[in-house]
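Single-letter residue listing:
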Amino acid sequence: MRLSRRKGIVVVGLLATVMALAAGTYGRVFGHKRVRFPYLTGTLAASEYQALAAHPGWRTAQLEVAAGINLNGLVRRPQAANAPWVLFYQGNDAAMLKVGQAFLERLAAAQDWGLAVFAYRGYDSSDGVPYLSDLTHDASEILNQLCRTQGVDRGRVHVVGFSIGGHLAVRAVGAAQAVAPRPASLTLLASVDDIVMVRRSLYAKLDPGDVLETHPYLDAIPAPVLVIQGTADESLMGPGQGRAIALKLGNRATYLELPGVGHIALLSNDVALGKVREFIASHSASLSP
């Protein structure tokens, strides 16, 4: 009797798997076509994590975003107590903390700004597996817990999101509107607007994955917003997604399009960095005591 019950459970599980795969296949063949990317999750050696934290002024920082789920991060505190902070939501990268830290260092240059970046679930040895519902929950927790653990007024935090991090930044900033103070600004660099992310597996090609649609969440985003997009964005098949985000935001956003600049190249483009630096500085002046 017990054996029959076990067989029944196995059969139900197999049927559920087949149905899920069939649904994914149907959606891919007959549904709306979206660019698909695998989540580039992976491990980060403890020695490499410590090496990143050894950069001048930096330290490791872990946030518990859910029971048993800790995210690895890097934080650089400013000298001035009233300095602005930049919280960076990095894109889909196998070296998330390394690339995120390098971007923040280039962006801040000589500015006395607080800087922070955290690896999402499954990335750089952070706990868990990336599912969109969890990632969006974590995005808000990262913002809230950064402010709590570092003693930062949320009104001094400038949120910057790149690629899939743009979607997560929008979700975090949108959720933050319910409680004052609101983040000081939002910058979106080559942000995704309509893509699919899949977890790596033997069935990844059939997996319907996680649909990241940003435009439904833009109504909750207030000014000021800066949107920067390169016209040669090879990952997003051109500038269309950035343009769609800027169009939806309307006069709440400033839009800058850089001819010939690619997706990853945007993170090190001098014009883009200068514009973001200027944007953050201009919306930090009113924060001085």
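Throughout this description, residue numbers start from 1 for each chain and increase along the sequence as written. Local features in a predicted model are, by the rule used here, given only for residues with pLDDT of at least 70; side-chain atom pairs are given and counted only at 80 or more, and totals for whole chains, interfaces and linings are based on all residues. For side-chain calculations, the full set of non-hydrogen atoms in the structure is used, while hydrogens and water are omitted.

Draft legend 1. Geometry of empty space enclosed by the protein. Every definition here rests on a 1 Å grid over the protein atoms only: cavities are sets of points where a 1.4 Å probe fits but cannot get out, pockets are open sets enclosed by protein on both sides within 12 Å along at least five of seven lines, and lining residues have some atom within 4 Å of a point. Grid points are joined across faces, edges and corners, and a volume is the space filled by probe spheres set on the points. For the structure shown, the criterion picks out one cavity of 30 Å³ or more. Of the volumes computed, that of the largest cavity is approximately 30 Å³. Residue contributions to the lining of the largest cavity peak at four residues, all from helix α4 (residues 132-150). What counts as a helix is a DSSP run of H or I of at least four residues, what counts as a strand is a run of E of at least two, and both are numbered from the N terminus.

Draft legend 2. Structural view of the confidence of the model for the protein chain. pLDDT expresses how confident the predictor is about each individual residue, on a scale running from 0 to 100. Mean pLDDT over the protein chain works out to 91, with 87% of the residues at or above the 70 mark. Contact criterion: two residues are considered in contact whenever any of their non-hydrogen atoms come within 4.5 Å of each other. Here residues 10-14 scores under 50 on pLDDT; set against residues more than four positions off or in separate chains, the count is zero contacts.

Draft legend 3. Structural detail: the packing of helix α2 (residues 46-53) against helix α3 (residues 96-108). Here an angle of 0 to 180 degrees is reported between the N-to-C directions of two axes, which are lines fitted to C-alpha atoms, with helices fitted over the stretch in contact. It is at 11 Å that the axes of α2 and α3 come closest, and there the two elements cross at 10°. Classified by the angle between their axes, α2 and α3 sit roughly parallel to one another. Contacts between α2 and α3 involve E48, Y49 and L52 on the former and, on the latter, L97, K98 and Q101. Residue classes in the contact of α2 with α3 are distributed as three nonpolar, one polar and two charged. Roughly parallel covers angles under 35 degrees, roughly antiparallel covers those over 145, roughly perpendicular covers 65 to 115, and oblique covers all other angles. Gly is put with the polar residues, along with every residue not named as nonpolar or charged; the nonpolar set is Ala, Val, Leu, Ile, Met, Phe, Trp, Tyr, Cys and Pro, and the charged set is Asp, Glu, Lys and Arg.

Draft legend 4. Molecular detail of the pattern of salt bridges. A pair is scored as a salt bridge if a Lys or Arg side-chain nitrogen falls within 4 Å of a carboxyl oxygen belonging to Asp or Glu. The tally for this structure, following the rule as stated, stands at eight salt bridges. Two residues, D134 and R121, come together in a salt bridge whose shortest N-O distance is 3.7 Å. You can see D134 sitting in helix α4 and its partner R121 sitting in the loop between β5 (114-118) and α4, a full 13 residues away along the chain. Partly exposed residues are those whose accessible area sits between 20% and 50% of the maximum for their type, while under 20% is buried and over 50% is exposed, using a 1.4 Å probe and protein chains only. Given the relative accessible area of 26%, D134 is considered partly exposed.

Draft legend 5. Highlighting the nonpolar core. We call a set of buried residues a nonpolar core when its members are Ala, Val, Leu, Ile, Met, Phe, Trp, Tyr or Cys and they connect through side-chain atoms within 4.5 Å of each other. Judged by nonpolar contacts, the single largest core of 79 residues is most densely connected at L87, Y89, F103, F118, L186 and L189. Residue contributions to this core peak at seven residues, all from α4. Ignoring anything within four residues of it in the chain, the contact list for L186 reads V159, A169, V170, V173, I221, P224, V225, L226 and F279.

Draft legend 6. Structural detail: a nonpolar patch on the surface. Every patch collects residues that have over 30% relative accessible area and no salt bridge, joining them within 9 Å if they carry like charges and within 5 Å if they are nonpolar side chains (Val, Leu, Ile, Met, Phe, Trp, Tyr). Note on areas: these come from Shrake-Rupley sampling with a 1.4 Å probe, and a residue is covered only by the protein chains present in the view. Residues L202, Y203 and L206 make up a contiguous nonpolar surface patch of about 360 Å² in total accessible area. When you line up the elements, Y203 lands in the loop between β8 (194-198) and β9 (210-213).

Draft legend 7. Examining the packing of α3 against helix α7 (residues 270-282) more closely. The contact between α3 and α7 brings their axes to 9 Å, and the two run at 70°. Classified by the angle their axes make, α3 and α7 are roughly perpendicular. Classified by chirality, the crossing of α7 by α3 is right-handed. Here F103, R106, L107 and A108 of α3 lie close against α7, whose contacting residues are L273, V276, R277 and I280. Among the residues forming the contact of α3 with α7, the class breakdown is six nonpolar, no polar and two charged. Each crossing gets its handedness from the near helix: less than a right angle anticlockwise from the far helix is left-handed, clockwise is right-handed.

Draft legend 8. Spatial organisation of the packing of aromatic side chains. Working definition: a ring pair exists when centres of Phe, Tyr or Trp rings (six-membered ring for Trp) sit within 6.5 Å. Plane angles under 30 degrees give stacked, over 60 give edge-to-face, the rest tilted. Tallied over the entire structure, the rule returns two aromatic pairs. A ring pair is formed by F88 and F103, whose centres lie 4.5 Å apart and whose planes are at 35°; its orientation type is tilted. Of the two residues, F88 sits in strand β4 (residues 85-89) while F103 sits in helix α3, which places them 15 residues apart along the sequence. Here F88 matches F103 in class, with each residue buried. Seen from their ring centres, Y120 and Y123 are 5.9 Å apart, and the 85° between their planes marks the pair as edge-to-face. Accessibility assignment for this pair places Y120 and Y123 in one class, buried. Ring-over charges, as used throughout, are those where CZ of Arg or NZ of Lys falls within 6 Å of the ring centre and within 35 degrees of the ring normal. Here the guanidinium or amino end of R171 rests over the ring plane of Y217, the centre of that ring lying 3.8 Å away.

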